[in-house]
Amino acid sequence: MLIHHVEARVLDMPLRLPFRTSQSLEVSRRAILIRVDTDRGPGWADLAVEDHPIFGHEFIESTRLALRTVLVPALAGEVSGARVAAALGRVAGHRAAKSALEMAILDAQLRASGLSLSEYLGGTRDRVRVGVSIGITETVDELIGLVEGYLADGYSRIKLKVQPGWDEILIGRVRAAIGDDVELQVDGNGAYTSADVAHLARFERYGLTMLEQPFPTADLRSHIRLAAATSVPVCLDESIGSAAEALAAIESGACSVVNIKPARVGGYLEARRIHDVCAAASIPVWCGGMLESGVGRAQNLALASLPNFLLASDISATDRYFARDITERFDLVDGALPVPTGPGSGVTVDLEAVEDFTVARDDYEPAKEPSHV
Ligand code: NPG
């Protein structure tokens, strides 16, 4: 397949509710949408980076520079989705950008060949059990109101963002409000330190499904200590950047659950390798979210249709995020979302909505000959 043109648009999509984690506040989802035009037709992907390098090193402006100067130029000549990672392999980092380029090219290839992404990846289910991730609110009452609303919408798993000072009291109150049957898990986004191990271990009294990434990315040691101190499964997100890192974390006892986000690990094919490594070690996985548009959520649903995605994923229905999306809506059915079956990501991109949400646009023409980075 030959790429004629790559378009990167910065989209600003208003969120229905602000989303606050221990690290950041988003009132609008600002990220990049990649479109590739090939000799076999177009393909799209979400490029999940934010305005600031907080969740990871990449951010919107650094990514625009990287796309223009090193990543798109490396894609000259004949490419296929499966060859993108190798073509970009000499570039260090930039995993979200690499993931989006790989996915957009794969999307074009699969749309042209009539195969769905789920079929291509080896998916085995036609619906994916999903949950909702709720940000930090002003008051516990406000949080409980949101939780009750989402349960009424049909979600059966709730994830709460926590941070020191906003944790045990609200977990206890939410658990009391929802009863023992609803799956409840918490995510620290790295806000705790090694001094908090005993404090976090106490959360096991609230019947949590998992405790996600309480310590910073590089602090595997505290995760190992916590995992040894509590019966609540410890899940890693930010700390896992590749299948090799997943294996090392599992073997060291740092986690017994893994959150897989393609943008964090450099692509859907590396995401599948992490799925396979975890399956071989009997470690269940689930798909994380970065407030993706319908394009990214469709692709994440395809990934989460693989067999070892045994826990509910952070891929919520359209209403949880946007009043207007750039694809058709996703609606919850019995706590699950259907896996798209059409070619590629299986969704139709609403070009008018894309235009309306665009705040900046870059156009690139790959060179005829690959650049050697
Ligand atoms: O439903 O997409 C979703 C949100 C899931 O909590 C969620 N994402 O830390 O995992 C996270 C968090 C996040 C969102 C991180 C945006 C970075 C950016």
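Please read all numbers here as calculations on a predicted model, not as lab measurements.

Cut-off values and rules
The written sequence of each chain sets the order in which its residues are numbered from 1. Since the coordinates come from a predicted model, pLDDT governs what is reported: local features require at least 70, and pairs of side-chain atoms require 80 or more to be given and counted, while whole-chain, interface and lining totals use all residues. Just so you know, side-chain values use all the structure's heavy atoms and leave hydrogens and water out. It suffices for a single heavy atom of a residue to lie within 4 Å of a molecule or strand for the residue to be listed as near it. The term polar contact refers here to a pair of N or O atoms within 3.5 Å; inside protein, the definition further demands a hydrogen-donor-capable atom paired with an acceptor-capable atom, and it admits residues adjacent in sequence only when both atoms are side-chain atoms. Throughout, the Shrake-Rupley method with a 1.4 Å probe supplies accessible areas, and for residues the shown protein chains are the sole cover considered. Under the grouping applied here, Gly and all other residues not named as nonpolar or charged are polar, the nonpolar ones being Ala, Val, Leu, Ile, Met, Phe, Trp, Tyr, Cys and Pro and the charged ones Asp, Glu, Lys and Arg. Where each domain begins and ends follows an automated or database-derived domain assignment. Comment: axis = line fitted to C-alpha atoms, over the contacting stretch for helices; angle = value between 0 and 180 degrees taken between N-to-C directions. Put simply, DSSP H or I for four residues or longer makes a helix, DSSP E for two residues or longer makes a strand, and each gets a number counted from the N terminus. Here roughly perpendicular refers to angles of 65 to 115 degrees, roughly parallel to angles under 35, roughly antiparallel to angles over 145, and oblique to all remaining angles. Handedness of a crossing is defined here by the sense of rotation of the near helix relative to the far one, left-handed for an anticlockwise turn of less than a right angle and right-handed for a clockwise turn. The contact criterion used is simple: two residues touch if any of their non-hydrogen atoms lie within 4.5 Å. Any two strands are treated as partners once DSSP identifies two or more bridges connecting them. Centres within 6.5 Å are what make two rings of Phe, Tyr or Trp a pair, Trp counting through its six-membered ring; a difference in plane orientation under 30 degrees is then read as stacked, over 60 as edge-to-face, and the rest as tilted. Residue exposure (1.4 Å probe, protein chains only): buried if accessible area is under 20% of the type maximum, exposed if over 50%, otherwise partly exposed. Two limits define a charge over a ring: the Lys NZ or Arg CZ must be within 6 Å of the ring centre, and within 35 degrees of the ring normal. Two parts placed together each lose some accessible area under a 1.4 Å probe, and adding up what both lose gives the buried area. We count a salt bridge whenever a side-chain nitrogen from Lys or Arg sits within 4 Å of a carboxyl oxygen from Asp or Glu.

Here we come to the site of the ligand. Around the ligand there are 16 residues in total, and Ser 133, Asn 189, Lys 261, Leu 291 and Tyr 321 lie nearest to it. In this structure, a nitrogen atom belonging to the ligand sits 2.9 Å away from a main-chain N or O atom of Gly 289. For the ligand, the protein covers 98% of the area, taking 430 Å² as the surface of the free molecule. Here the shell around the ligand is composed, by residue class, of 5 nonpolar, 3 polar and 8 charged. Counting contributing residues, the shell around the ligand receives three or more from each of domain 1 (3–114 + 349–364) and domain 2 (118–338).

The next subject is the packing of helix H9 (residues 243–252) against helix H11 (residues 268–280). Orientation of H9 relative to H11, taken along the N-to-C sense of each, is 25°, at an axis distance of 8 Å. By the angle between their directions, the pair H9 and H11 is classed as roughly parallel. At the point where H9 passes H11, the crossing takes the right-handed sense. Contacts between H9 and H11 involve Ala 243, Ala 246, Leu 247 and Ile 250 on the former and, on the latter, Glu 270, Arg 273, Ile 274, Val 277 and Cys 278.

Pairing in this open sheet of 4 strands is antiparallel, and the strands run S3-S2-S1-S13 from one edge to the other. Of all the strands in the sheet, just strand S3 (41–47) and strand S13 (358–364) have a single pairing partner and so form its edges. Looking at each pair of strands side by side, their axes are set apart by 20° on average, direction ignored. In the sheet, strand S1 (residues 3–20) pairs with strand S2 (residues 25–38) via 13 bridges, with the strands oriented antiparallel. Considered in S2, the bridge of Phe 19 is made with Glu 26.

As a further point, take the packing of aromatic side chains. Counted by the stated rule, this structure contains 2 aromatic pairs. With a centroid separation of 5.9 Å and an interplanar angle of 80°, the aromatic rings of Tyr 150 and Tyr 155 are classed as edge-to-face. Summarising the burial analysis for this pair, Tyr 150 and Tyr 155 share the class buried. Across the ring face of Trp 286, the terminal group of Arg 157 is positioned such that the distance to the ring centre comes to 5.2 Å.

Here the phi dihedral of Gln 213 falls at roughly 35°; this positive angle occurs in a residue that is not glycine. Judged by its relative accessible area of 1%, Gln 213 falls in the buried class. A positive phi angle, close to 50°, is found at Asp 334, a residue other than glycine. Its relative accessible area of 73% is what places Asp 334 among the exposed residues.

By domain assignment, the chain separates into domain 1 (3–114 + 349–364) and domain 2 (118–338). Domain 1 and domain 2 are separated by 23 Å when their C-alpha centres are compared. Where domain 1 abuts domain 2, roughly 3300 Å² becomes buried across the two surfaces, and 63% of that area is made up of carbon and sulfur atoms. There are 2 salt bridges connecting domain 1 and domain 2. One salt bridge in this structure joins Arg 324 and Asp 356, with 2.9 Å as the shortest N-O distance. Linking domain 1 to domain 2 there are 15 residue pairs in polar contact (both at pLDDT 80 or more).

Turning to the environment of Leu 33, a few remarks are in order. You can see Leu 33 is positioned in strand S2. Leu 33 gets classed as buried once you look at its relative accessible area, which sits at 3%. Spatially, the C-alpha atoms of Leu 33 and Arg 9 are 5.3 Å apart, while their sequence positions differ by 24 residues. Those residues in contact with Leu 33 that lie beyond four places of it in its chain are Glu 7, Ala 8, Arg 9, Leu 11, Trp 44, Ala 45, Asp 46, Val 295, Ile 326 and Val 354.

For the rest of this paragraph, the subject is the environment of Ala 302. Mapped onto the fold, Ala 302 is located in helix H12 (residues 294–303). With a relative accessible area of 3%, Ala 302 lands in the buried category. As a C-alpha pair, Ala 302 and Ser 345 span 43 residues in sequence and 7.6 Å in three-dimensional space. With residues near it in sequence (within four places) discarded, Ala 302 still touches Leu 117, Ser 118, Leu 121 and Val 339.

Moving on, we get to the sheet that holds strand S5 (residues 132–134). An order of S5-S6-S7-S8-S9-S10-S11 is seen for the 7 strands of this open sheet, with the pairing classed as parallel. Among the strands making up the open sheet, the edge pair consists of S5 and strand S11 (285–287). Adjacent strand axes in the sheet meet at a mean angle of 25° when their direction is disregarded. Sheet topology places strand S10 (residues 257–260) next to S11; 3 bridges connect them, and they run parallel. Across the sheet, the residue bridging to Asn 259 is Trp 286, located in S11. Where helix H6 (residues 168–178) meets the sheet, its contacts fall on strand S6 (157–161) and strand S7 (183–187), and the angle it forms with S7 comes to roughly 165°. Against the sheet, helix H8 (residues 220–229) engages strand S8 (210–212) and strand S9 (234–236), with an angle of about 155° to S9.

This brings us to the pairing of S1. Connecting S1 to the antiparallel partner S2 that follows it, the hairpin turn spans 4 residues. Relative to S13, S1 runs antiparallel, the two being bridged by 6 bridges. Across the sheet, the residue bridging to Val 10 is Ala 360, located in S13.

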